[in-house]
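As a plain string of letters, each chain reads:
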Amino acid sequence: MIDDIEVIRRFRNEPFEPDAEVVQDAREQLAAAMLRDQLGEPISTRSIRDLSVIDSTSAKARHGRRVMTAAICSIAALVALVVYVATPKSAIRGGGVATLSAQHWQLAGFAQSDWQPNPSGPTSGLMTCPVARLCYIVDGDPVVGPADGMGHASHLIVSMDDGATWTEEDPVGVTSFTTPLVCPEGNGENCIAGGMQGNDSVLLASVDGGVTWTSRGLPKGAGRLIDLSCTSLTHCVGVMTSNQNVFVPGGGLVFTTEDGGSSWARSNSAGVLLQLLACSGITCVGSGTLPSSAPGQAPAIVTIYSDDSGATWTQAKVPAGFGFLDSSSESVECADATHCLGVGEVQSSPTQPDTNAVVASSDGGATWQLVPALTNYATRSISCATDRDCWIAGGGRPDPVTSSNPITYKTGEAAPAPTTSPVVFATQDAGLTWSKITVPMPKQVPVGTSASSLTAIGQISCPTVTVCVGLGSGDLSTEHTATYTDAPTGLR
Amino acid sequence: MATAKPVDEEVTDEEIVGQSVADPGAFGAIFERHFSTVYGYLARRVGSGMADDLASQTFMVAFDRRSTFHPHEGGALPWLYRIATNLLSNHRRTEQRLLEGIARFGAESQHNGSFGSEMAEEQAIVNIELQRAAVLLAALEAHHRDVLLLHLWAGLSYDEIALALDIPSGTVRSRLSRARQALRSRGADLPEPSLHPQTTKEIP
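Basis of the calculations
Residues numbered from 1 in each chain as written. Chains lettered and ligands numbered in written order. Predicted model: local features only at pLDDT ≥ 70, side-chain atom pairs only at ≥ 80, totals over all residues. Heavy atoms only, no water. Helix = DSSP H or I, 4+ residues; strand = E, 2+ residues; numbered from the N terminus. Buried < 20%, exposed > 50% of the residue type's maximum accessible area, 1.4 Å probe, protein only. Contact = heavy atoms within 4.5 Å. Areas by Shrake-Rupley, 256 points an atom, 1.4 Å probe, with all protein chains shown as cover. Pairing = 2+ DSSP bridges. Disulfide = S-S within 2.5 Å. Phe/Tyr/Trp six-rings, centres within 6.5 Å; stacked < 30°, edge-to-face > 60°. Lys NZ or Arg CZ within 6 Å of the ring centre and 35° of its normal. Salt bridge = Lys/Arg side-chain N within 4 Å of Asp/Glu carboxyl O. Expected span 1.5 Å × (residues − 1). pLDDT = per-residue confidence, 0-100.

1. What about the overall build of chain B?
When helices and strands are counted, chain B shows 10 helices and 0 strands. Ordered by position in the sequence, the α and β elements of chain B form the string α-α-α-α-α-α-α-α-α-α. Looking at chain B as a whole, 57% of its 204 residues qualify as buried. Partitioning the contacts of chain B with sequence separation of at least 6, the portion at a separation of at least 24 is 66%.

2. Let's talk about the overall build of chain A
When its secondary structure is counted, chain A shows 5 helices and 31 strands. In chain A, 55% of the contacts between residues at least 6 apart in sequence involve partners at least 24 apart. Counting every atom, chain A has about 20500 Å² of accessible surface; 55% of that belongs to carbon and sulfur.

3. Details of the sheet that holds strand 15 (residues 265-266) of chain A
Within a sheet, each strand pairs with its neighbour through backbone hydrogen bonds, oriented either parallel or antiparallel. All names here are of chain A. Strand order across the open sheet formed by 4 strands is 12-13-14-15, with antiparallel pairing between neighbours. Both edges of this open sheet fall to strand 12 (225-230) and strand 15, since each of them pairs with a single strand only. Where strand 14 (residues 253-257) and strand 15 come together, 2 bridges link them in antiparallel fashion. Bridge pairing in strand 15 links T256 to A265.

4. Topic: the state of the cysteines
A covalent bond between the sulfur atoms of two cysteines is referred to as a disulfide. All names here are of chain A. Within this structure, the stated rule accounts for 7 disulfides over all chains. Here C279 is linked by a disulfide to C284, with a sulfur-sulfur distance of 2.1 Å. Across the disulfide from C279 to C284, rotation about the S-S bond amounts to roughly 105°, and the bridge is consequently right-handed. The same class applies to C279 and to C284, which are both buried.

5. Re the packing of aromatic side chains
Going through the model one piece at a time under the given rule, you end up with 12 aromatic pairs over all chains. Ring plane angle 80° and centroid distance 5.4 Å describe the contact between F324(A) and W368(A), whose orientation is recorded as edge-to-face. Here F324(A) is found in strand 20 (residues 322-324), whereas its partner W368(A) is found in the loop between strand 23 (355-361) and strand 24 (369-370), with 44 residues between them in sequence. Between F35(B) and F59(B) the ring centres are 5.6 Å apart and the planes differ by 50°, which places this aromatic pair in the tilted class. A residue pair is termed long-range when its members are at least 10 positions apart, and F35(B) in helix 2 (residues 28-46) and F59(B) in helix 3 (residues 48-64) qualify at 24 residues. F59(B) shares its class with F35(B); the two are buried. Aromatic ring contacts, followed pair by pair, group F31(B), F35(B), Y39(B) and F59(B) into a single cluster. The ring centre of F63(B) lies 4.1 Å from the NZ or CZ of R66(B), which sits over that ring.

6. A look at the pairing of strand 23 of chain A
On any regular strand, side chains alternate: one points to one face of the sheet, the next to the other face. Residues and elements named next belong to chain A. In terms of burial, strand 23 is a largely internal element, 5 of the 7 residues being buried. In this sheet, strand 23 lies alongside strand 22 (residues 340-346) in antiparallel orientation, the contact comprising 7 bridges. Counted as the bridge partner of G342 is V359 from strand 23. Looking at chain direction, strand 23 and strand 24 are connected through 2 bridges and run antiparallel. Bridge assignment links V359 to a residue of strand 24, and that residue is L370.

7. Topic: unusual backbone geometry
All names here are of chain A. Unusually for a residue other than glycine, D162 sits at a positive phi of about 60°. Mapped onto the elements, D162 comes out in the loop between strand 5 (155-159) and strand 6 (167-169). A relative accessible area of 4% means that D162 is categorised as buried. Backbone geometry places A270, a non-glycine residue, at a positive phi of 55°. Mapping A270 onto the fold places it in the loop between strand 15 and strand 16 (273-280).

8. Let's talk about the pattern of salt bridges
With the rule as written, the count across this model stands at 10 salt bridges over all chains. Note that E169(A) is salt-bridged to R178(B), the shortest N-O span being 2.9 Å. With E169(A) in strand 6 and R178(B) in helix 10 (residues 169-187), this pair bridges two chains. A residue is classified by how much of its surface remains accessible, and R178(B), at 1% relative accessible area, is buried. Two residues, R145(B) and E95(B), come together in a salt bridge whose shortest N-O distance is 2.9 Å. On the criterion of sequence distance, the pair formed by R145(B) in helix 8 (residues 142-152) and E95(B) in helix 5 (residues 92-105) is long-range, its members being 50 residues apart. Overall, R145(B) belongs to the buried group, its relative accessible area being 3%. Through salt bridges with shared partners, a single ionic network connects R45(B), E95(B), R145(B) and D146(B).

9. Observations regarding helix 2 (residues 20-38) of chain A
For helix 2 of chain A, with 19 residues, the first-to-last C-alpha span of 27 Å sits near the 27 Å given by 1.5 Å per residue. Within helix 2 of chain A, burial applies to V22(A), V23(A), A26(A), R27(A), Q29(A), L30(A), A31(A), A33(A) and M34(A).

10. Side note on the sheet that holds strand 19 (residues 314-315) of chain A
All names here are of chain A. Pairing is antiparallel across the open sheet formed by 4 strands, whose spatial order is 16-17-18-19. Edge positions in the sheet fall to strand 16 and strand 19, since each of these pairs with one other strand and no more. Bridge count between strand 18 (residues 300-306) and strand 19: 2 bridges; the pairing is antiparallel. Bridging across to strand 19, Y305 finds its partner in T314.

11. A look at the confidence of the model for chain B
All names here are of chain B. Looking at chain B, pLDDT values average 76 and 75% of them are 70 or higher. Here helix 6 (residues 107-111) stands out as the least confident element of chain B, with mean pLDDT 44; helix 2 is the most confident, with 93. Every residue in residues 1-6 scores below 50 in pLDDT, and together they form 10 contacts with partners more than four places removed in sequence or on other chains. Every residue in residues 107-119 is under pLDDT 50, and counting partners more than four places away or in other chains gives 24 contacts.

12. Considering the environment of G288(A)
Residue and element names in this part refer to chain A. Position of G288 among the secondary structure elements: in strand 17 (residues 283-290). Separated by 12 residues in the primary sequence, G288 and A300 place their C-alpha atoms 8.4 Å from one another. Setting aside residues no more than four positions away along its own chain, G288 makes contact with V272, L273, L274, Q275, A300, I301 and V302.

See below:
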């Protein structure tokens with residue numbers, strides 16, 4: 001078995017000695033800089049670069065053979081580039097939804113874990129892909145307890161190849177996660193999450209890609225941090241329940257921090273207990289319940305928004321009967337401070353089943369309109385890479401068999417003919433037009449694979465316009481959950 | 001500084017850089033000590049042509065910012081590697097092209113030349129190893145590649161890499177760990193070099 005570390009150690013290990021002429025050129029440039037410094041004319045980095053650009057021309061002329069080598073390499077890169085550019089995610093103008101083949105989207109792999117029933121806090125596996133290639137999933141833990149039913153998600157599953165392969169890690173300094181990771185800055189390794197340390201509810205922070213975590217306590221009286229949106233490593237808006245029970249009726253209170261969780265301020269959420277929220281810039285939108293003032297009456301499901309970074313909230317106008325999905329924190333997303341999207345259901349009448357719907361806002365969440373082209377698809381999750389490029393993932397129409405009675409496959413068994421397929425809707429013009437991509441079922445799957453993960457994408461995360469990763473809809477007690485991606489494989 | 005000054009090996013880098021704040025000419029000793037080393041690292045990363053410029057820039061930037069140098073155990077090299085790595089970050093595409101070129105064409109793209117027929121078999125093995133390494137390196141995230149190559153090629157310790165990249169030592173370990181995981185994952189998909197290869201195959 002070849003040792004790849006050794007192969008890399010030996011790679012291009014010939015002595016690279018600079019030509020005497022190159023050394024002399026560099027020496028003279030430095031000497032000139034020293035002289036200018038002594039004369040009180042400090043040289044700027046900008047002028048250093050300009051100087052070097054000028055010099056590089058003569059340097060390349062001296063080394064014609066190297067230029068030829070670079071040209072060969074450039075041609076090779078161009079060939080690879082053409083291959084990937086040849087499969088664009090095209091948007092169809094003129095309204096409606098056009099169906100595209102899955103030439104770009106594909107089954108990336110299977111996330112392996114001990115996913116178990118986790119009726120608490122996070123659903124089984126909450127995914128975050130902060131940058132291209134890197135994705136995190138916080139995983140449901142089979143241990144449910146203590147007696148109040150507090151949920152655990154103590155594993156961190158990491159992919160470094162856009163969801164193709166996954167490695168389970170045991171992070172240090174955290175007992176469990178209660179929200180997905182939020183990694184708003186840098187290279188994807190500076191992350192924040194809600195969680196538990198021992199029996200204490202905390203805000204967790206990691207600067208090493210989730211390997212180790214430090215924690216800060218939540219405000220007095222707060223129970224669990226159930227949703228979190230951060231526009232930087234210091235500014236976050238969090239939803240906190242009033243106790244550590246998993247099922248807290250209605251939702252939680254809203255708090256904001258400007259110092260990474262050292263201190264929190266209670267927001268005025270217009271009496272609404274929030275279940276989920278999303279922020280972009282100063283805009284935040286959320287959904288929750290408004291307790292009824294009349295005894296015995298059910299609370300109303302309402303949508304609220306904030307235009308001051310989550311400090312104060314106002315009730316929004318949504319289509320009649322619409323409510324956001326409360327099972328996924330990715331059911332609402334703001335592409336920028338103006339444009340937001342949400343997935344949910346519309347109850348047309350008490351006697352009719354709810355229908356799936358997508359809503360959009362172009363005024364920072366104050367008013368929402370249905371997106372007719374995307375109605376009746378079982379959409380579940382939204383991710384926006386830019387203020388114009390967004391994706392909504394789901395699984396076509398609901399499949400009553402797999403959603404209520406999950407099945408798993410034996411090794412090598414061919415998957416049955418699907419009654420529904422994973423589906424992704426994409427827009428490149430801030431929701432003006434949408435394209436639809438369906439992903440075919442694979443012919444063979446690992447034993448223990450979640451059946452519904454092959455028929456629906458439960459979560460989607462798109463760190464860039466060229467990379468999206470979807471996580472199959474989670475089943476109970478499955479060992480493998482399908483992951484999908486539109487990222488080109490191999491060399492990039 | 002038309003000619004190289006002799007370098008007094010007993011004087012530490014820290015002393016030289018410190019002295020150069022008041023006496024700019026003293027910085028020349030840092031150049032004489034470390035230029036070839038930094039150049040060699042850069043040349044392995046992005047090729048000799050680009051290294052000519054980047055190595056020179058590294059020392060120009062270092063000289064310009066010498067007053068911000070904090071003495072660390074291990075001398076000026078981690079600091080110089082930090083500057084070089086920052087400069088490299090502006091040339092990721094060049095590095096990627098170089099790796100992809102080698103991955104596709106093996107040694108031909110590196111040397112732009114042919115080898116004698118009597119060396120064909122040995123060269124074929126070298127080619128496959130070159131291509132394999134290029135594929136593996138090209139697939140790494142840039143910040144994972146930086147950590148791995150500072151360790152393997154520059155020979156820096158974890159603490160020196162932490163200094164060089166201005167990141168916690170724990171992050172160095174996690175990035176190295178993830179780089180190795182990525183290599184294992186990618187490497188499992190690649191054909192291994194054979195002792196008797198028939199041809200030099202292109203690795204997808």
